[in-house]
Amino acid sequence: MARYLDEKDVDSLACAAMFLGSGGGGDPAIMHIMAKQAIHEYGPVRLLSPFELRDDDWAVTMSLMGSQAIHYEKIMNGNELMTALRVLENEHKCVANAITPLEIGGINAITPILASALANLPLVDCDAMGRAFPEFQMTTFHAFGAQASPFIMCADNGKCERIIHDSNIEIEKIARVTMTKMGGSVAAASFPMRAKILQEVAIPHTLLVCKRLGEAVLAAGSDIQRIFANLSHVLQNSIYGKPHKLIEGKVVDVQRHLKDGFLQGELLVEGSGFHRSEHVEVQFLSEYLLAKQGERIMATVPDILCVLDADSGLPVMIEELETHMKVWVIAIPCPILLRHPKMLDVVGPWNFGMADSYTPVEKLLKEETSHVSARN
């Protein structure tokens with residue numbers, strides 16, 4: 001049965017992408033408007049399962065790279081995406097049959113929808129992160145052996161750069177420097193893959209999960225209790241897992257600073273109501289990555305941490321954090337594939353200097369519950 005994404009679906013996807021962005025990944029607001037306009041002009045985007053493609057079909061990953069502030073300052077018109085796609089096709093001697101998302105959190109959950117509408121190509125229902133991560137190699141594509149090269153970047157002035165390299169990690173390093181020289185915001189085309197390979201390295205069907213998640217959140221209005229209940233209903237029946245509420249209270253401290261071009265720091269939440277007298281610290285580096293109570297770790301990357309505005313129920317991005325803000329901190333179990341040893345090699349908490357080991361959030365919280373019961 002054919003499936004299509006229409007303008008209303010983009011609303012749902014943009015809403016859910018904020019949850020899966022874990023406080024980072026870029027605000028999809030501008031791309032949300034552009035994707036809806038493109039669908040209005042060119043028609044709905046056909047959505048294909050990775051397993052509906054023919055083995056020898058080519059899929060190309062489309063994304064944006066750069067600073068959130070510069071994305072807003074230098075709004076792209078979509079031509080950059082099409083130029084990057086055509087340059088990659090010419091460089092790699094292939095013709096794309098479909099567009100693939102890189103990440104399902106933040107702005108890059110919506111970017112490939114715009115690219116698909118403009119190129120009149122189907123969109124593959126999958127991604128390579130299951131959330132948002134700050135670096136290009138932090139993907140299932142990289143962890144399971146796909147090559148990002150040729151990596152094409154195009155700026156709003158029409159200038160394009162090609163990076164040809166066997167190492168995805170070196171591509172990430174070179175691209176960061178090149179992107180800065182190009183103005184700090186570029187459209188990127190990468191990971192040209194035969195569908196047979198894509199089926200082996202992608203996290204399948206994350207777009208449809210994201211769509212259902214957004215629909216459930218929007219249906220709940222601005223009631224955080226209903227939003228959390230709907231979120232739980234959708235996620236516990238998906239490749240993610242049932243979310244856990246870590247604390248409810250107010251932000252009493254926020255520390256932010258730039259390190260190597262990434263926004264790093266921590267916030268402290270003082271509990272209220274049932275959580276009175278509790279404190280939870282959340283550490284971040286582009287995304288929320290670790291939550292702890294005293295020295296006890298409650299949740300850590302690659303599981304997904306969200307700070308929700310208690311008044312609206314919607315995610316608070318790291319740039320929006322303020323003291324005295326009333327919030328909930330929740331943790332969502334990540335897709336199982338992100339817990340594979342090869343993925344933990346690139347997204348485990350030690351990659352961010354935050355912990356020496358990874359334990360799934362549901363196990364961490366179950367262990368603490370068991371300890372409390374034993375003490376009582």
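In this text, all values refer to a predicted model and were calculated from it rather than measured experimentally.

Criteria and cut-off values
- Residues numbered from 1 in each chain as written.
- Predicted model: local features only at pLDDT ≥ 70, side-chain atom pairs only at ≥ 80, totals over all residues.
- Heavy atoms only, no water.
- Phe/Tyr/Trp six-rings, centres within 6.5 Å; stacked < 30°, edge-to-face > 60°.
- Helix = DSSP H or I, 4+ residues; strand = E, 2+ residues; numbered from the N terminus.
- Buried < 20%, exposed > 50% of the residue type's maximum accessible area, 1.4 Å probe, protein only.
- Contact = heavy atoms within 4.5 Å.
- Expected span 1.5 Å × (residues − 1).
- 1 Å grid on protein atoms, 1.4 Å probe; cavity = no way out; pocket = protein on both sides within 12 Å on 5 of 7 lines; lining within 4 Å.
- Points joined across faces, edges and corners; volume = space filled by probe spheres on them.
- Nonpolar A, V, L, I, M, F, W, Y, C, P; charged D, E, K, R; others polar.
- UniProt positions renumbered as here; feature names shortened; annotations may be inferred.
- Pairing = 2+ DSSP bridges.
- Axes fitted to C-alpha atoms, helices over the stretch in contact; angles between N-to-C directions.

**Section: the packing of aromatic side chains**
Each pair of aromatic rings is reported with the distance of its centres and the angle of its planes.
So, step 1. Per the counting criterion, the structure on display carries five aromatic pairs.
So, step 2. Here F136 and F191 contribute two aromatic rings whose centre-to-centre distance is 5.3 Å and whose plane-to-plane angle is 25°, an arrangement assigned as stacked. A residue pair is termed long-range when its members are at least 10 positions apart, and F136 in the loop between β6 (126–127) and α6 (140–143) and F191 in strand β9 (residues 185–194) qualify at 55 residues.
So, step 3. Classification of F136 as buried rests on a relative accessible area of 6%.

**So, the side chain of S116**
So, step 1. Within the secondary structure layout, S116 lies in helix α5 (residues 111–119).
So, step 2. With near-sequence residues (within four places) excluded, S116 lies in contact with V45, I99, L121, P122 and L123.

**Brief notes about helix α2 (residues 29–42)**
So, step 1. Taking 1.5 Å per residue as the helical rise, α2 with its 14 residues ought to reach 20 Å, and the 20 Å between its terminal C-alpha atoms agrees with that figure.
So, step 2. Turning to α2, its buried residues number three or more, namely I30, M31, H32, M34, A35, A38 and I39.
So, step 3. Just beyond α2, the residue with positive phi is G43, at close to 100°.

**Remarks on the environment of E200**
So, step 1. Structurally, E200 can be placed in helix α8 (residues 195–201).
So, step 2. Sequence separation of E200 and F51 is 149 residues, and the distance between their C-alpha atoms is 10.0 Å.

**Thoughts on the layout of surface pockets**
So, step 1. Computed from the structure, the largest pocket encloses a volume of approximately 790 Å³.
So, step 2. Lining the largest pocket are 38 residues, and of these G66, S67, Q68, R176 and S286 sit closest to its centre.
So, step 3. Among the elements of the structure, β3 (58–66), α3 (68–73), α7 (168–181) and β12 (262–271) are those that each provide at least two residues to the lining of the largest pocket.
So, step 4. Grouping the amino acids of the lining of the largest pocket by side-chain chemistry returns 18 nonpolar, 14 polar and six charged.

**Here we look at the UniProt feature "domain: S-Me-THD-like C-terminal" (unreviewed entry) in the protein chain**
So, step 1. In this structure's numbering, the residues bearing the UniProt feature "domain: S-Me-THD-like C-terminal" (unreviewed entry) are residues 167–361.
So, step 2. Each end of residues 167–361 is marked by a C-alpha atom, and these two atoms are 32 Å apart; helix forms 28% of the span and strand 36%.

**Topic: the pairing of strand β13 (residues 279–285)**
So, step 1. Of all seven residues making up β13, five are buried, and the element is well covered by its neighbours.
So, step 2. Note: β13 against strand β14 (residues 287–293), five bridges, orientation antiparallel. Note that in β14 the partner of L285 across the bridge is E287.
So, step 3. Hairpin connection from β13 to β14: one residue lie between these consecutive antiparallel strands, with S286 at a positive phi of about 70°.

**Side note on empty space enclosed by the protein**
So, step 1. Applying the stated criterion to the full structure yields two cavities of 30 Å³ or more.
So, step 2. Approximately 40 Å³ is the volume attributed to the second largest cavity.
So, step 3. The wall of the second largest cavity is formed by A17, M18, G21, G23, G24, G26, G106, P315 and M317.
So, step 4. Grouping the constituent residues of the lining of the second largest cavity by class yields four nonpolar, five polar and no charged.

**Some remarks on the pairing of strand β16 (residues 304–309)**
On a regular strand, each side chain points to the face opposite its neighbour's, so the side chains alternate between the two faces of the sheet.
So, step 1. The buried count for β16 comes to five of six residues, which makes it a mostly enclosed element.
So, step 2. In this sheet, strand β17 (residues 326–332) lies alongside β16 in antiparallel orientation, the contact comprising six bridges. When the bridges of β17 are listed, C306 appears paired with I330.

**Section: the sheet that holds β13**
So, step 1. Strand order across the open sheet formed by seven strands is β15-β14-β13-β12-β11-β17-β16, with antiparallel pairing between neighbours. This sheet does not close on itself; its edge strands, each paired only once, are β15 (296–300) and β16. Taking each pair of neighbouring strands and ignoring which way they run, the sheet shows an average axis angle of 35°.
So, step 2. Packing of helix α10 (residues 224–235) onto the sheet brings it into contact with β11 (244–259), β16 and β17, and relative to β17 it is tilted by some 5°.

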